[in-house]
Amino acid sequence: MSTHSAWRAGLRQRCPQCGHGEVFEGYLKFRDCCGACGADFGSADSGDGPAVFVILIVGAIVAPLLIVLQFGLNLPGWLALTTSMGAAVALCVTLLPVLKSLLFALQWAHNARQATVDDLE
Ligand SMILES: [Zn+2]
């Protein structure tokens, strides 16, 4: 799979092998294998990477939003804060599965895996 195809499959939360089967069986739990091609997802582990990217992206959007709402539009503090926090939660819930699937697809495309002692030799 090319890197371009991995990006496409990852952003659509599809199997990085065939691009058809879904990678999640719940909100963030990886399936054991692809329902379309049978690819084994047992090695799927994107670690903390998706959460880090979500924090960076959402923070870059929500912090300026809060400043604009409170100081640019002169909204009351409670309203600006409530609106910004609502946006932060919505963005986090939306972006987390997408980025988790994307990082998994890129790991798959680059054959990335956990390093072992055998790799040292
Ligand atoms: Zn598949």
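How each quantity is defined
- Residues numbered from 1 in each chain as written.
- Predicted model: local features only at pLDDT ≥ 70, side-chain atom pairs only at ≥ 80, totals over all residues.
- Axes fitted to C-alpha atoms, helices over the stretch in contact; angles between N-to-C directions.
- Helix = DSSP H or I, 4+ residues; strand = E, 2+ residues; numbered from the N terminus.
- Parallel < 35°, antiparallel > 145°, perpendicular 65-115°, else oblique.
- Left-handed = near helix turned anticlockwise from the far one by under 90°.
- Nonpolar A, V, L, I, M, F, W, Y, C, P; charged D, E, K, R; others polar.
- Contact = placed C-beta atoms within 7 Å.
- Buried ≥ 20, exposed ≤ 12 C-beta atoms within 10 Å, placed from the backbone.
- Arc of directions from axis to C-beta.
- Expected span 1.5 Å × (residues − 1).
- Bend = angle between axes of the 7 residues up to and from the residue.

**Observations regarding the packing of helix 2 (residues 49-72) against helix 3 (residues 77-109)**
Then comes step 1: Remark: helix 2 packs on helix 3, axes separated minimally by 8 Å, with the N-to-C direction vectors making an angle of 155°. In terms of their interaxial angle, helix 2 and helix 3 are classed as roughly antiparallel. At the point where helix 2 passes helix 3, the crossing takes the right-handed sense.
Then comes step 2: When the residues that make up the contact of helix 2 with helix 3 are grouped by side-chain class, the tally is 20 nonpolar, 5 polar and 1 charged.

**A look at the packing of helix 1 (residues 3-11) against helix 3**
Then comes step 1: Running from N to C, helix 1 and helix 3 point in directions that differ by 150°, and their axes come no closer than 7 Å. On the basis of the axis angle, helix 1 is roughly antiparallel to helix 3. Crossing handedness for the pair helix 1 and helix 3: right-handed. Counting all contacts with helix 1, which are made through Thr3, Ala6, Trp7, Ala9, Gly10 and Leu11, the residues of helix 3 involved are Val98, Ser101, Leu102, Phe104, Ala105, Leu106, Trp108 and Ala109.
Then comes step 2: Looking at side-chain class alone, the contact of helix 1 with helix 3 contains 11 nonpolar, 3 polar and no charged residues.

**Considerations on helix 1**
An α-helical segment advances 3.6 residues per turn. Residues three or four places apart therefore align on the same side.
Then comes step 1: Buried within helix 1 we find Ala6, Ala9 and Gly10. Down the axis of helix 1, the sector holding all buried residues measures 100°, keeping them to one side.
Then comes step 2: Here the buried face of helix 1 lies against helix 3.
Then comes step 3: A positive phi of about 60° marks Gln13, the residue just after helix 1.

**As for the environment of Leu120**
Then comes step 1: Checked against the element boundaries, Leu120 lands in the segment after helix 3.
Then comes step 2: According to the C-beta neighbour criterion, Leu120 is exposed, with 6 such atoms within 10 Å.
Then comes step 3: The sequence separation of Leu120 and Leu106 amounts to 14 residues, and the corresponding C-alpha distance is 24 Å.

**Brief notes about helix 2**
Then comes step 1: The terminal C-alpha atoms of helix 2, which comprises 24 residues, lie 34 Å apart, in line with the 34 Å expected from a rise of 1.5 Å per residue.
Then comes step 2: Maximal helix bending in helix 2 amounts to about 25°, located at Gly59.
Then comes step 3: What helix 2 keeps buried is the set Pro50, Val54 and Leu69.
Then comes step 4: Its buried side turned inward, helix 2 meets helix 3.
Then comes step 5: Looking one or two residues beyond helix 2, the residue adopting positive phi is Asn74, at roughly 55°.

The values reported here are purely geometric and, on their own, carry no functional implication.
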